[in-house]
Protein chains: 2
Amino acid sequence: MGVLLYDLATADDRRLSPYCWRAKLALAHKHIAFDTKPVGFSDIAAIGEGQTTVPVLDDNGHLVRDSFAIALYLEETRPDAPSLFKGEGGQAAARFVETWCLTTLQAAVFPLIALDIYNAIRPDERPYFRESRERRIGMSLEAGYALRDERLEAARATLTPVRHMLRYQAFFGGDAPLFADHVLFGALMWQRSISDLPLLTADDPVYDWMQRVATRYYAVVDKRFL
Amino acid sequence: MGVLLYDLATADDRRLSPYCWRAKLALAHKHIAFDTKPVGFSDIAAIGEGQTTVPVLDDNGHLVRDSFAIALYLEETRPDAPSLFKGEGGQAAARFVETWCLTTLQAAVFPLIALDIYNAIRPDERPYFRESRERRIGMSLEAGYALRDERLEAARATLTPVRHMLRYQAFFGGDAPLFADHVLFGALMWQRSISDLPLLTADDPVYDWMQRVATRYYAVVDKRFL
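Report on the accompanying structure. Just so it is clear, the structure is predicted and the values come from calculations on it, not from any experiment.

1. Observations concerning the overall build of chain A
Phase 1 of the analysis: For chain A, the count of helices and strands is nine helices and four strands.
Phase 2 of the analysis: Reading chain A from its N end, one meets helices and strands in the order β-α-β-β-β-α-α-α-α-α-α-α-α.
Phase 3 of the analysis: Taken over C-alpha atoms, the radius of gyration comes to 17 Å for chain A, in line with the 17 Å a tight globule of 226 residues would show.
Phase 4 of the analysis: The principal-axis extent of the C-alpha atoms belonging to chain A is close to 50 × 45 × 30 Å.
Phase 5 of the analysis: Burial analysis of chain A (226 residues in total) assigns 60% to the buried set.
Phase 6 of the analysis: Pairs at least 24 apart in sequence give 67% of the contacts found in chain A among residues at least 6 apart.
Phase 7 of the analysis: With an accessible surface of roughly 9200 Å², chain A has 51% of that area assigned to carbon and sulfur atoms.
Phase 8 of the analysis: Mean positive and mean negative side-chain charge positions of chain A (26 and 30 charges, respectively) differ by 2 Å.

2. Side note on the pairing of strand β3 (residues 56-59) of chain B
Residues and elements named next belong to chain B.
Phase 1 of the analysis: By the alternation rule, side chains of β3 split into V56 and D58 and L57 and D59, which are all buried.
Phase 2 of the analysis: Of the pairings in the sheet, the one linking β3 to strand β4 (residues 62-65) comprises four bridges and is antiparallel in character. In the strand pairing of β4, V56 is matched with R65.

3. Describing the sheet that holds strand β3 (residues 56-59) of chain A
Residues and elements named next belong to chain A.
Phase 1 of the analysis: Taken in spatial order, the four strands of this open sheet run β2-β1-β3-β4, and their pairing is mixed. Both edges of this open sheet fall to β2 (35-39) and β4 (62-65), since each of them pairs with a single strand only. Across this sheet, the average inter-strand angle for adjacent strands is 25°, counted without regard to direction.
Phase 2 of the analysis: With four bridges joining them, strand β1 (residues 3-8) and β3 adopt antiparallel strand pairing. Among the inter-strand pairings, V3 is bridged to a residue of β3, identified as D59.
Phase 3 of the analysis: Docked against the sheet, helix α1 (residues 18-29) engages β1, β2 and β3, running at close to 155° with respect to β1.
Phase 4 of the analysis: Set on the sheet, helix α2 (residues 67-77) makes contact with β1, β3 and β4; between it and β4 the angle comes to about 130°.

4. Regarding the relation of the copies chain A and chain B
Phase 1 of the analysis: If you rotate chain A by 180° and push it 0.0 Å along the axis, it lands on chain B with an RMSD of 0.0 Å. Here the copies are linked by what is in effect a two-fold axis. Within chain A, G90 of chain A has its C-alpha nearest the rotation axis, a separation of 1.9 Å.
Phase 2 of the analysis: Interface overlap between copies is the fraction of interface residues in one copy that are interface residues in the other; for chain A against chain B it reaches 100%, indicating a shared surface.

5. Concerning the pairing of strand β1 (residues 3-8) of chain B
All names here are of chain B.
Phase 1 of the analysis: Counting buried residues in β1 gives five out of six residues, a clear majority hidden from the surface.
Phase 2 of the analysis: Strand direction decides the pairing type here: β1 and strand β2 (residues 35-39), joined by five bridges, are parallel. Opposite L4, over in β2, you have D35 as the bridge partner.
Phase 3 of the analysis: Each parallel crossover has a hand, and for β1 linked through helix α1 (residues 18-29) to β2 it is right-handed.

6. Some words on the packing of aromatic side chains
Phase 1 of the analysis: Following the criterion strictly, the structure yields 23 aromatic pairs over all chains and no others.
Phase 2 of the analysis: Ring centres 5.9 Å apart and planes at 70° place the aromatic pair F85 of chain A and F179 of chain A in the edge-to-face group. Placement of the pair is F85 of chain A in the loop between α2 and α3 (88-120) and F179 of chain A in helix α8 (residues 179-194), with a sequence separation of 94 residues.
Phase 3 of the analysis: Each member of the aromatic cluster is reached from another via a ring pair, and the members are F96, W100, F172 and W209 of chain A together with F96, W100, F172 and W209 of chain B.

7. Quick look at unusual backbone geometry
Phase 1 of the analysis: Cis geometry is adopted by the peptide bond preceding P55 of chain A, which originates at V54 of chain A and carries an omega value of 5°.
Phase 2 of the analysis: Positive phi values are uncommon outside glycine, yet E49 of chain A reaches one of about 55°.
Phase 3 of the analysis: When you line up the elements, E49 of chain A lands in the loop between β2 and β3.
Phase 4 of the analysis: According to the relative accessible area criterion, E49 of chain A is exposed, its value standing at 57%.
Phase 5 of the analysis: Even without being glycine, D66 of chain B reaches a positive phi, approximately 85°.

8. Comments concerning the packing of α1 of chain A against α8 of chain A
For any two helices packed against each other, the geometry comes down to the angle between their axes and how far apart the axes lie.
Residues and elements named next belong to chain A.
Phase 1 of the analysis: Interaxial distance between α1 and α8 falls to 7 Å at its minimum, and their mutual angle equals 135°. The orientation of α1 with respect to α8, classified from their angle, is oblique. As α1 runs across α8, the sense of the crossing is right-handed. Facing α1, whose interface residues are P18, W21, R22, L25, A26 and H29, α8 presents F179, H182, V183, F185, G186, A187, M189 and W190.

Calculation rules
- Residues numbered from 1 in each chain as written.
- Chains lettered and ligands numbered in written order.
- Predicted model: local features only at pLDDT ≥ 70, side-chain atom pairs only at ≥ 80, totals over all residues.
- Heavy atoms only, no water.
- Helix = DSSP H or I, 4+ residues; strand = E, 2+ residues; numbered from the N terminus.
- Rg over C-alpha atoms; globule rule 2.2 N^0.38 Å.
- Buried < 20%, exposed > 50% of the residue type's maximum accessible area, 1.4 Å probe, protein only.
- Contact = heavy atoms within 4.5 Å.
- Areas by Shrake-Rupley, 256 points an atom, 1.4 Å probe, with all protein chains shown as cover.
- Lys, Arg positive; Asp, Glu negative; His and termini not counted.
- Charge placed at Lys NZ, Arg CZ, Asp CG, Glu CD.
- Pairing = 2+ DSSP bridges.
- Axes fitted to C-alpha atoms, helices over the stretch in contact; angles between N-to-C directions.
- Least-squares fit on C-alpha atoms with pLDDT ≥ 70 in both.
- Right-handed = clockwise from strand over helix to strand, strands pointing away.
- Phe/Tyr/Trp six-rings, centres within 6.5 Å; stacked < 30°, edge-to-face > 60°.
- Parallel < 35°, antiparallel > 145°, perpendicular 65-115°, else oblique.
- Left-handed = near helix turned anticlockwise from the far one by under 90°.

So far we have only geometry, and geometry alone does not tell us how the molecule works.
Structure, rendered in structure tokens:
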């Protein structure tokens, strides 16, 4: 027994899921030792209990699905470890940060990197990925990739509110990262682990923020993609 | 003595400032009885102590400027009244909601309603307003107004993350509004008090949210613009 996180992986074992990254940082934030088990899309059903997405947390035999639900579960079951939300208001606002990240940054970036993801996953999973994701983005993966130059500035612009926030404080969580920081960090690890799209430039305050977050969770981040 | 809020007003006494709206909802949230004093742009200097923007809160002779600073001040000085942030995490995240609202919704809407503001303020303040705001938006007020149809959908799209959040919870603050809710409410009152731009449609979940917020602070909202 122990704590295990089912973690989406490419064919060469890059861990790309933004949602799994959130969960790994949340576990590290709670000072929980854990192992990860790499899975491809087609391995998820075998986790059992009707799982269809990752992350899935196996906490000594108890399975919890969905990254936000995992954060809530950790907050409830590990109340003495550092808080992921620092209060009821922080927990509620983390949901907005999550929906913001999903519907702005991730929505803007996904069409531009979907072909990179396709090329990185196991060959047997590619037909499923292509079919489901082309339906989602409304174009071929190749057409999305071709928009990289045209849409790069718009993708970068989705981070404008973060850049303004960073004039006031070092993290979404104030002077230390909270789950809201894990959410954006996960989205950036997703992009950087799979694609050379130059979303963050070296002079972007969000790049500095990402390095600060990585320093706090250095044991669990993938240093190749910082 | 007592509690007084200097509140930006048009020539016909519509209170338009999004920042003043935030402060009024925060005062109501803290169950503080207050009066407002309508001011035009050119009256702000006369408030004293080098004030250049509103809102300015006069709390029994102590002046506090800036809506976020006013919220922090109220939280600190009225700890026994309902919290505006519900904890340290909520306070930190409120800053993100503020920078998000400023750099997305307000930035998208302002060029489209700047001419409406110009026409509503006192004639003697119009040259200052036109000069400073045309510099800000990079075009004439009339050119901004002409973009209303073209840019309406983009302005509506800035609220996408809020619509997603409202699938999970009734307010930014969870099951009750907090200062983060006051921030967006203020931006919508600003738009609706001054312009007939159809930003919110009746079937928009954000419209329902706005009505819920208004119900909580009914004594201080302007019912004409709900």
